[in-house]
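Commentary on secondary and tertiary structure
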Amino acid sequence: MASVVFYFHVHQPFRLAPFDAMRIGEGGDYFQWKGEMDDRNVKVLRKVAKKCYLPTNRVLARLLDEIEDFKVSFSITGVVLEQFEKYAPEVLESFMKLVKTGKVELVGDTYHHSLAFVFSRREFREQVRLHQKRVKELFGVETKSFRNTELIYNNDVAKAAEEMGFTTVLAEGVDRYLDWRSPNFVYKPKGTRKIRLLLKNYRLSDDIAFRFSNRGWKEWPLTAEKYAKWINQVNGNGYVVNLFMDYETFGEHQWQDTGIFEFLTQLPREIKKCPDNTFMTVGEAAWNYKVADEVDMPELTSWADIERDLSAWLENPLQQSASRAVYELEEAVRKSKRPELLDVWRKLTTSDHYYYMCTKWFSDGDVHKYFSPHESPYVAYNNFMNVLHDLRERVYTEL
Amino acid sequence: MKQTETKVLMFGWELAPENSGGLGVACYGLAKGLADCGVKISFALPRKMKGKVNFMKILDHKLHGVQITAIRTRMGAYMFEGEYQAWRSRGMGEELKMYGKTLFDEAMRFGEMAVSWSKSQNHDVIHVHDWMTYPAGINARKVSGRPLVAHVHATEYDRTGGNVNSMIADAEYRGLNSADRVIAVSEYTKNVVRKYYGVDGEKIHVVHNGVDFDEFTPVVMRKLFPKSKVALYVGRLTFQKGVEYFLRAARRVLVYEPNIMFVVVGEGDMYERLMWKACELGVGHRVVFAGFQTGLALRACYQMADVFVMPSVSEPYGIVALEAIASGIPAVISKQSGVSETVENVFKVDFWDTEKMADMITTILAYPKLAKEMSRMAKREAAKLTWNEAARKTLAVYRELL
């Protein structure tokens, strides 16, 4: 039998509005454009709400209602929750309804979707706690499983999660560390006592998230029936099928006209045609099966790009310079004792800002560019630093 | 002939305040100075001016077709051939097909248009500024038979460090050698013109640029970094300007003075490379790329600076140094510049000697009294460098020809 674990990640950053260098020292709201109509954050959020969050939630609500053991897990970042409250409260309500079914697990995350684990353990813990608190307030549930930003993971992430009371942690099933192991078992991270590790089955996950609408792919068009067959093949070679992906896959990355919603609607039914198959949330899956082995991942890995490392955010000098400058300010921001400055600073730790500065595949006009509000990685860096210089002046004024 | 009657047909490529660099500033300042001396100028531009100029006649309407460019688009006076191609290939519309394919072609086209102008405008002297206008000058001279003065603000040698575009260098060579007189903005440039373009030294006159003090009188303005020291660079971001040496010096300065911001004002083809370099050098967190600034914003940039640095690799003149001095800012300037001939109360350094450059910057920051005295004395020197003075010298050149 195979337990299928659907885990979706929901996130939108607070993008930075253009901030001219000559405005340094004037302050202002960095994340707000002049006029709501032109506000990129509002526009993107409402667009994605309409194309993805609301329709996909409707599909899931029906599935949860119709299929008895159907379950899903979500991580919803603090920064997207804030934006839901501000710009699309109906989305928040629909997530609340899903959670109320009792068949949805909410997964812990960094509130600001940051790389804090890499730079400041203290900040990392605070952002995780902030997220836990907000989820508790809004949904009334405790998060017991943990995923770090962008599935950034190593043995130390597992240890930190364990110390914070989490019982399950998620990671990418990175080949170079899995070696002969399959991601379809439950593991224990090296150097921990009890916490359990679930690894993303990236082949099956990416078949949906990245390849679904690719007409050049030999499996196109992908039907629910075919996909369910692949899942059934896991029977006998593992217990869990960890399908981890961005929630925006549905309707935003894979548009409605690709048939992604029909696929999602059909898939659980197709899976249930094999009566041995079940659905579980991440926490259930991790504790329903025995630990198969210990996994040692000393290097920081992630679910991004082909490299599955941190190069999407921290590879080039621009990204390194910007992140260094941000964390250099941490102490001063805390000392300023101004919560609003700390809040703004934290929003600058969001990984997306560094992603926009990525030059890896810039020439190909790649996926990085699709998501970037800036015309080039350099302009993104320039604008980010202008904002940071301004914030630094504000912080120094308070000291 | 009385000087009040001198009529000049002048060809320029840009004019302040709608300029992308020092060329437009110099043309404006010199023309105004000449007008004050009673010279009647018809100034031809390859683009429509948005603003008004009251002291001379602007000839831009008939040439409207040439100017596919407005200032602040990439095709300023300083655009490199490669940049220009990239700019064009980004698809600037169908109507562009009727225009030249290269910056060089644009200059030639401007030259063709000059023929009709030289017929319609009564003039005694033709005065052209930099290579883009030399073909125009040569053509006008053919038509009217009036003497030609070629004014050198920069050469291809300065712009490229010797790795010249031969078509442009050739246009310069032809222009400079067809001219009856050559005006160089400095002794430094005179040498370049003699050495690399084979122009007879007797024919070359040096007329230093000026600065309009009124435009840079210190006024109270908001500081971008009230809590930090500021080292300022102003200029295009190109190879010629040596911004990379400024960044290298910044790394050393930060060791002694961690609370300092390095503000880089300007745009150019090295924007991305310099940004990358700043980060590589580990000074990215202290460098501000402030973009192109002009008018009041530029004035504010000077006002907030504690030290001004001009690290040029090869600088025919360097008006920005005078602007900084007029603003009361102590300056560190490259020895490889024309302006260093005209002021003594500044620190002069070889552009490549970034250790020394850093020492000079930290010295100015560490000794406010010295800084104050330097800027006071430099200001006094610069006060003599007026556009009227430049105009008088230019007029003397005209007189030799009339």
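Residues numbered from 1 in each chain as written. Chains lettered and ligands numbered in written order. Predicted model: local features only at pLDDT ≥ 70, side-chain atom pairs only at ≥ 80, totals over all residues. Heavy atoms only, no water.

Quick word on the pattern of salt bridges
All names here are of chain A. Heads up, the condition is: By definition, a salt bridge exists where a carboxyl oxygen of Asp or Glu is found within 4 Å of a side-chain nitrogen of Lys or Arg. Helix and strand assignments come from DSSP, with helices taken as H or I runs of at least 4 residues and strands as E runs of at least 2, each series counted from the N terminus. Burial classification: accessible surface area is computed with a 1.4 Å probe over protein chains only, and a residue below 20% of its type maximum counts as buried, one above 50% as exposed, and the rest as partly exposed.
Under the counting rule described, the total for this entry stands at 51 salt bridges over all chains. The salt bridge involving K347 is made with E82; its shortest N-O contact spans 2.9 Å. On the criterion of sequence distance, the pair formed by K347 in helix α15 (residues 339-348) and E82 in helix α2 (residues 78-87) is long-range, its members being 265 residues apart. Accessibility expressed as a relative area gives 7% for K347, which makes it buried. Judged by relative accessible area, E82 falls into the buried class, the value being 17%. A single salt-bridge network, built from bridges that share partners, covers R122, E123, E126, E330, R334 and R346.

Section: the domain arrangement of chain A
Residues and elements named next belong to chain A. Note the threshold: An automatic or database domain assignment provides the domain bounds reported here. What makes two residues a contact is simply this: any of their non-hydrogen atoms within 4.5 Å. Reported buried area values correspond to the accessible surface (1.4 Å probe) lost by two parts on association, with both partners' losses combined.
Segmentation of chain A into domains returns domain 1 (3-295) and domain 2 (311-396). Taken over C-alpha atoms, the centre of domain 1 sits 24 Å from the centre of domain 2. At the junction of the two partners, domain 1 supplies 40 residues and domain 2 supplies 32 residues. In total, about 2900 Å² of surface goes out of reach between domain 1 and domain 2, with carbon and sulfur atoms giving 59% of it. Applying the counting rule to domain 1 against domain 2 returns five salt bridges.

Structural notes on the sheet that holds strand β7 (residues 204-206) of chain B
All names here are of chain B. Just so we agree on the cut-off: Two strands pair if DSSP finds at least two bridges between them. Axis geometry follows a simple rule: fit a line to the C-alpha atoms, using only the stretch in contact for helices, then measure angles between N-to-C directions, giving values from 0 to 180 degrees.
Spatially, seven strands are ordered β3-β2-β1-β4-β5-β6-β7 in an open sheet, and the strand pairing comes out parallel. Both edges of this open sheet fall to β3 (57-59) and β7, since each of them pairs with a single strand only. Between one strand and the next, the sheet's axes are offset by a mean angle of 25 degrees, whatever the strand orientation. Sheet analysis places strand β6 (residues 181-184) next to β7, joined by three bridges and oriented parallel. In the sheet register, A184 faces β7, and the bridge partner there is V206. Relative to the sheet, helix α4 (residues 134-144) contacts β1 (7-11), β4 (125-129) and β5 (148-152), its axis offset from that of β4 by approximately 170 degrees.

Remarks on helix α10 (residues 271-280) of chain B
For α10 of chain B, the full list of buried residues reads Y271, L274, M275, K277, A278 and C279 of chain B. Against the buried residues of α10 of chain B lie α13 (317-328) and α18 (377-398) of chain A together with α9 (243-256) and β10 (287-291) of chain B. Just downstream of α10 of chain B, G282 of chain B is the residue with a positive phi angle, here 80 degrees.

Some remarks on the nonpolar core
Within soluble globular proteins, side chains that are nonpolar generally end up buried alongside one another. Put simply, the rule is: Side-chain atoms within 4.5 Å are what join buried Ala, Val, Leu, Ile, Met, Phe, Trp, Tyr and Cys residues into a set we call a nonpolar core.
In this structure, W313 of chain A together with F11 and F308 of chain B are the most contacted members of the largest nonpolar core, which totals 202 residues. No other element matches α18 of chain A, which puts nine residues into this core. If you count residues domain by domain, this core takes at least three from each of domain 1 (3-295) and domain 2 (311-396) of chain A. Setting aside chain neighbours within four positions, we find F308 of chain B in contact with L232, V234, Y302, V320, A321, A324, I329, P330, A331 and V332 of chain B. In this structure, V10, L92, V99 and W230 of chain A belong to the second largest nonpolar core, which totals 60 residues.

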